[in-house]
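Overview (structure and organization)
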Amino acid sequence: MTANIHILPGREDQVWQKGSGGNLACDRRSLAGSVTQRACAFCGSRVVLYPIADALHIVHGPIGCAVYNWDIRGSLSSGPQLHRNSFSTDLQEKEVIFGGEKKLHASLVELIQYYQPKAAFVYSTCIVGLIGDDVQAVCKAVSRETGIDVIPVESPGFKGTKKTGYQAACEAAFKLVGTGDTSQIGPYSINLLGEFNIAGEAWMIKRYFERMGIEVVATITGDGRVDDLRRCHGAKLNLVQCSGSMTHLAKRLDEDYGVPFQRVSFFGLEDTARALYAAAEFFGDPALMERAQEIVYEEIAKITPRLKEYRKRLKGKKAALYVGGAFKAFSLVLALRALGMKTVLAGTQTGSAEDYEQLKEICDPGTVIVDDSNPLELAKFVLEKDVDLFIGGVKERPIAFKLGVAFCDHNHERKIPLAGFEGMLNFAEEVANSVLSPIWRFAPRRMAQALNPKEDSHHECNC
Amino acid sequence: MSATAEMTPAQAPRSATQNACKLCAPLGASMVFKGVQGCLPFLHGSQGCATYIRRYMISHFREPVDIASSSFSEDDAIFGGARNFATGVENVINQYQPEIIGVATTCLSETIGENMIGMIREYQERYAGQGAPLVHVSTPSYSGTHSEGFHAAVKALVEQLVPPESVTHRDTTRLNILPGMVSCADLRHLRELVGLYGLSATLLPDYNQTLEGESWDQYHRISPGGTTLEEIREMGANAATLELGHTLALQKESAGAWLENHTGVHCHHAGLPIGIRLSDAFFTALSQATGRTMPDSLRAERGRLVDAYVDAHKYIAGRRVAIVGEPDLVTSLAAFVSEIGLQPVLCATGSKLKGWAEQVAAEIEPGIEKPEIVKGADHAQFSARCRALQPDMLIGSSKVYPLARELDVPLVRVGFPLHDRFGAQRLLTLGYRGTQNLFDLIVNAVLARRQDDSVTGYSYL
């Protein structure tokens, strides 16, 4: 039963089915009232810079924007924990009328004196420009007074989607780049961009490279440090994982410092191996490649027996995935395939035309691809495609659960590492724990299906 | 290392808010709109506001929370969002077929001075008065907290939907309950209690089903449940109103007061009934409103609660407790903990409501030392005071956990948000039964700590 949900007029071309021909439109603003799963530009900036643990992050605006992202993400720091606080100028009516510069100035000076951060990021929210605050000038003044970099992040929510915010964050981070000493950086050195160290994933990945003999200069921004950003231009290669958020920074590093970049992913065995090989190949040293191969063989051998067990039990199950960026979607399609599962619905909040071409290619015939989707649309396809598993974030979880569908959290709030080789095993376990749970037989929709197996499956996608 | 560990001896920052004890007003309004049948909340502003609030509410309630947004662009921020508002409302109607749309403003739309009344009039004209009603509430996050946003939305619903005419013929079988921001279990319990007094209840809001629903056999555009439009419209003709929450007495005209002033339905005010004294007051009001005496089953429940107080009082006597949360909740909790022999040492809220601190002070049991009472607090301030006051126990939302960990004291989780435990929707706190539940949680937190701390590890306490 789909309760006859139709695609919202104006969104028809953002839904595509493999085999149907036609194009998939993307890179558009969300329709008002569509209940998009996307957040705003501010959110994009905040999530990208959040893991920089020794910086002060202060949100300039009324309280809402600051408070909803207070210590909810799974990005770990091996040292300072300052980033886990929520600092805000908490603008009140008085400041909305008379301006908030004074409060911002005082807030910054006091916080910097108290917490002694290495740098400060000042996020502008929707109303800051409207009330005429010159954030740039305040930042400059505070920087002079305190002697640390105080960097404005141009992130009013209405400026666009998360993607717009990613760019503003990259610009802000880039201000630090090039100010550190790179003399100690070796010839085989890389940065990991778009790796946010959720549940310690950056540490796992870093270890692979260190075992290969490659130095990781900076993970940007997972377990991030201001000084790492300052010297990251000294690395010889940038590996960009979350391409949506960090390609802009990679491009800036390429343009200004001649550091080339490659898009990689560390989700799934194939993609993780490919990423290690890509780095080895780039440096052209056969010894690196040899060690990469050793690591890949060794790590895969460790987990293969248990993965095979999962595969046996998960084979033939159908999955839907809706994630932020497209590169994760590619990896997930492959990782699911490795578990014997089929992706029947794939979507992203911020994929580009180029991303979607690639996604279309790797998907099976019949797979539906959606751009900037919403709860009703996702529910429609979950039902029509009769999926067994949904992979997404907190906002997608109730869609799956309400319909008796298993769920795997692959968002930044999660506390379980899913990247790298070990991560693949965790992923399989996460999927299996939900898909194979005995509870589903009590879910009314599953009960109805059990009584009348054809009820749900004959619905076709009419997009 | 705790999240607030890296401090230097410099003077504590005062200008910035550090780890706020409040959320924004549109969240409170959205929660209220979720409690109206067929209602879709709609935020007029940037789409991040809706997304953030959705995620926060989903994490607490574990239910679908669809909130629409007018998705302001830069042009809209400069030239006004009327066009986006109209498109947004149209798309919501198209997708969700709502019975009513609950529009809340945001800092952005308030700052640029959007003419909501005009936009809503335009909508009504476009639909020739036949469209789903739009109720709107002004909720800039630069004035007030989620708690104030909640109460404002209840008021807006009543004011904009109930005909302001004096009613002579009342439905004596029906009582209005304005419950304030309570759990789904509390809402169900309130309805049950009114039933025990022989009446039916119109609860506004009633998100007990929408935010704690059953597993579905089909997808629902809007979660089933909630107060119906019809029920709201008839509130002026019901027997009486019972309005819960101390802070409503501080308002110029609360929703209950508005109903009384405009329809003549008498409003009884009471605090959130937590603890025996406040529950007694609530049941007295319920008796007055219904003209009935307390049913035996409730007398027995009260009796068992008193018995439990007696059985456990020595375990908890004199334990020092610090409380933080929504203003109405903190006031009632302060009354409760002081009547069971705990010593409240600190009561804090993020709200800046005038008169709140005095209300808390007045609720402290005579003979118990008055606690420090801090309004407009943030968690940094709350934490700093707790480090000095050394409470034995903390009561508050999940956001208090880092402090509980740092001070190594138990945290009894009440309020919003509860993101690190399961079952926030089902946390019963109201009436004798809810008090019993809270009391057990508190006593057991003390016992568990004692047991954990003991070298011997007795299994018999």
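Residues numbered from 1 in each chain as written. Chains lettered and ligands numbered in written order. Predicted model: local features only at pLDDT ≥ 70, side-chain atom pairs only at ≥ 80, totals over all residues.

Some points on the overall build of chain A
Let me state the cut-off plainly: Think of it this way: any DSSP run of H or I at least four residues long counts as a helix, any run of E at least two long counts as a strand, and we number them from the N terminus. Three classes are used. A residue is buried when 20 or more other C-beta atoms lie within 10 Å of its own, exposed when 12 or fewer do, and partly exposed in between, with C-beta atoms placed from the backbone. Each residue gets a C-beta atom placed from its backbone, and two residues are in contact if those atoms lie within 7 Å.
A tally of regular secondary structure across chain A gives 18 helices and 14 strands. With respect to the principal axes defined by its C-alpha atoms, chain A has extents near 70 × 60 × 40 Å. Within chain A, buried positions represent 61% of all 463 residues. Long-range pairs, those at least 24 residues apart, make up 73% of the contacts in chain A with a sequence separation of at least 6.

Digging into the sheet that holds strand β3 (residues 87-88) of chain A
Basically, it comes down to this: Paired strands, in this sense, are two strands between which DSSP finds at least two bridges. Here, axes are lines fitted to C-alpha atoms. For helices the fit covers the stretch in contact, and angles between N-to-C directions go from 0 to 180 degrees.
Strand order in this open sheet of 5 strands is β5(A)-β4(A)-β2(A)-β3(A)-β1(B), and the pairing throughout is mixed. Both outer strands of the open sheet, β5 (149-153) of chain A together with β1 (17-18) of chain B, are each paired with one neighbouring strand and no more. Pairing between strand β4 (residues 119-124) of chain A and β5 of chain A: 5 bridges, direction parallel. Paired with valine 122 of chain A across the two strands is proline 152 of chain A, which belongs to β5 of chain A. The sheet strands contacting helix α4 (residues 101-115) of chain A are β2 (55-60), β3, β4 and β5 of chain A, and the helix crosses β2 of chain A at an angle near 160°. Packing of helix α6 (residues 135-146) of chain A onto the sheet brings it into contact with β2, β4 and β5 of chain A, and relative to β5 of chain A it is tilted by some 170°.

As for the domain arrangement of chain B
Residue and element names in this part refer to chain B. Convention followed: Where each domain starts and ends follows an automatic or database-derived domain assignment. The classification used treats Ala, Val, Leu, Ile, Met, Phe, Trp, Tyr, Cys and Pro as nonpolar, Asp, Glu, Lys and Arg as charged, and all other residues, Gly among them, as polar.
Split into domains, chain B comes out as domain 1 (25-161), domain 2 (171-213 + 221-290) and domain 3 (304-453). Relative placement of domain 1 and domain 3: their C-alpha centres are 34 Å apart. Taken together, the contacts link 7 residues of domain 1 with 11 residues of domain 3. The greatest single-element share of the side of domain 1 that touches domain 3, amounting to 4 residues, is contributed by helix α2 (residues 47-61). Of the residues belonging to the side of domain 1 that touches domain 3, the class tally is 2 nonpolar, 4 polar and 1 charged.

Topic: the domain arrangement of chain A
All names here are of chain A. You can read the domains of chain A as domain 1 (12-34 + 303-451), domain 2 (41-174) and domain 3 (189-295). Taking the mean C-alpha position of each, domain 1 and domain 3 sit 26 Å from one another. Here the side of domain 1 that touches domain 3 takes 9 residues from helix α13 (residues 326-338), the largest share from any one element. Split by residue class, the side of domain 1 that touches domain 3 holds 13 nonpolar, 7 polar and 4 charged.

Digging into the nonpolar core
This is how the line gets drawn: The term nonpolar core refers to a set of buried Ala, Val, Leu, Ile, Met, Phe, Trp, Tyr and Cys residues connected through C-beta atoms within 7 Å.
Counting 290 residues, the largest nonpolar core has Ala120 and Val382 of chain A together with Ala153 of chain B as the members making the most contacts within it. If we skip the residues at most four places from it in the chain, alanine 120 of chain A touches Ala55, Leu56, Ile58, Leu108, Ile112, Ile148, Val150 and Ile151 of chain A.

Examining unusual backbone geometry
Of the consecutive residues isoleucine 220 of chain A and threonine 221 of chain A, the connecting peptide bond is found in the cis state with omega at 10°. Here threonine 221 of chain A shows up in strand β7 (residues 215-221). Following phenylalanine 416 of chain B, the chain continues to proline 417 of chain B via a peptide bond in cis, the omega torsion being 0°. When you line up the elements, proline 417 of chain B lands in the loop between β14 (411-413) and α17 (431-453). Phi is positive for aspartate 372 of chain A, which is not a glycine, with a value near 50°.

Here's the deal with the pairing of strand β7 (residues 200-203) of chain B
Residues and elements named next belong to chain B. What counts here: Classification remark: right-handed applies to a crossover when, strands pointing away from the viewer, the course from the first strand over the helix to the second runs clockwise.
When strand β6 (residues 171-178) meets β7, the two strands line up parallel, connected through 4 bridges. Bridging from a neighbouring strand, asparagine 176 pairs with threonine 202 of β7. With helix α8 (residues 184-196) bridging β6 and its parallel neighbour β7, the resulting β-α-β unit is right-handed.

Some remarks on the interface of chain B and chain A
Chain B puts 66 residues into the contact, and the matching count from chain A is 72 residues. When contributions to the side of chain B that touches chain A are tallied by element, the ones reaching two or more residues are β1, α2, β3 (68-69), α3 (74-79), α4 (82-96) and α5 (107-111) of chain B. Across 2 bridges, the pairing between β3 of chain A and β1 of chain B is antiparallel. The residue bridging serine 88 of chain A from the neighbouring strand is threonine 17 of chain B, located in β1 of chain B.

A few points about the packing of helix α11 (residues 276-290) of chain B against helix α13 (residues 327-339) of chain B
Residues and elements named next belong to chain B. Applicable threshold: Convention used here: angles under 35 degrees read as roughly parallel, angles over 145 as roughly antiparallel, angles from 65 to 115 as roughly perpendicular, and any remaining angle as oblique.
Remark: α11 packs on α13, axes separated minimally by 8 Å, with the N-to-C direction vectors making an angle of 120°. Between α11 and α13, the crossing angle belongs to the class labelled oblique. Together, Ile276, Arg277 and Leu278 of α11 and Ser332, Ala335 and Glu339 of α13 make up the contact between the two elements. Counted by class, the contact of α11 with α13 contains 3 nonpolar, 1 polar and 2 charged residues.

Section: the sheet that holds β6 of chain B
Residue and element names in this part refer to chain B. Ordered in space as β7-β6-β8-β9, the 4 strands form an open sheet in which the pairing is parallel. Both edges of this open sheet fall to β7 and β9 (267-270), since each of them pairs with a single strand only. Here the average twist between neighbouring strands, direction ignored, is 25°. Inspection of the sheet shows β6 paired to strand β8 (residues 238-244) by 5 bridges, in the parallel sense. Bridge assignment links leucine 178 to a residue of β8, and that residue is glutamate 243. Contacts from α11 reach β6, β8 and β9 within the one sheet, and its direction differs from that of β9 by about 170°.

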